[in-house]
Amino acid sequence: MADPHPAVYKAYFTRTPFQLLAGVGWKRLVAFCVDSTGILLGGAPARYRAQTAFVPWEDITSVVVWQQRMAGPSMNYVGVHRRAGAPELPGANRKMTPAQAARTAPHVEYELLRASRPINFWRLDPHRLQAAVDSFAPNVPVLVYQQPHLR
């Protein structure tokens with residue numbers, strides 16, 4: 001996905017020694033990329049090749065940034081809503097059932113959860129994300145989901 005357009009947004013995983021142990025080597029792994037063809041959702045560094053997914057613009061209906069509250073620090077995610085009938089995506093949540101998803105992140109739709117990646121070992125720049133999506137797919141909204149506070 002080499003796109004010389006200045007609006008291309010590409011974020012890389014921070015290199016860690018774990019990469020070497022996982023057999024990926026010391027190269028820079030793309031965690032997330034928005035370009036003229038669509039969005040690349042990078043897989044976890046230990047399972048990068050098996051979990052990396054590319055979603056073309058014609059399959060994307062929105063881009064969503066969301067958060068999951070946990071016992072410790074919250075985890076931020078980025079994902080895509082996709083059109084009905086879009087091909088299955090590889091990823092860590094691919095085998096998650098609707099019931100598991102409802103327990104994990106009740107404020108997020110099942111298919112969105114399955115098409116999301118944690119923002120972990122990389123940083124998301126919301127302004128660059130918005131600019132890239134506006135440049136390549138101006139009809140695709142970028143949404144932010146807030147998780148309701150539990151009482």
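We now turn to the structure provided with this report. (Residues numbered from 1 in each chain as written. Predicted model: local features only at pLDDT ≥ 70, side-chain atom pairs only at ≥ 80, totals over all residues. Heavy atoms only, no water.)

A look at the pattern of salt bridges
Then, number 1: On inspection of all chains with the given rule, the structure shows three salt bridges.
Then, number 2: Among the ionic pairs, Asp59 bridges to Arg83, the shortest N-O distance being 2.6 Å. Separated by 24 residues along the polypeptide, Asp59 in the loop between strand E4 (53-56) and strand E5 (60-68) and Arg83 in the loop between strand E6 (75-82) and helix H3 (98-104) bring together distant segments of the chain.
Then, number 3: Take Asp59: its relative accessible area is 7%, and that puts it in the buried class.
Then, number 4: Using a relative accessible area of 36% as the deciding quantity, one classes Arg83 as partly exposed.
Then, number 5: Connected via shared salt-bridge partners are Glu88, Glu111 and Arg114. (Salt bridge = Lys/Arg side-chain N within 4 Å of Asp/Glu carboxyl O. Helix = DSSP H or I, 4+ residues; strand = E, 2+ residues; numbered from the N terminus. Buried < 20%, exposed > 50% of the residue type's maximum accessible area, 1.4 Å probe, protein only.)

Description of helix H5 (residues 126-136)
Then, number 1: Considered for burial, the residues of H5 that qualify are Leu129, Ala132, Val133 and Phe136. Seen from one end, H5 has its buried residues packed into an arc of 95 degrees, which puts them on one side.
Then, number 2: If you follow the buried residues of H5, they end up packed against strand E1 (9-12), strand E2 (30-35), E5 and strand E8 (142-144).
Then, number 3: Two or three places before His127, at the opening of H5, Asp125 has a side-chain oxygen 3.0 Å from that residue's backbone nitrogen. (Arc of directions from axis to C-beta. Contact = heavy atoms within 4.5 Å. Polar contact = N/O pair within 3.5 Å; in protein donor to acceptor, adjacent residues only side chain to side chain.)

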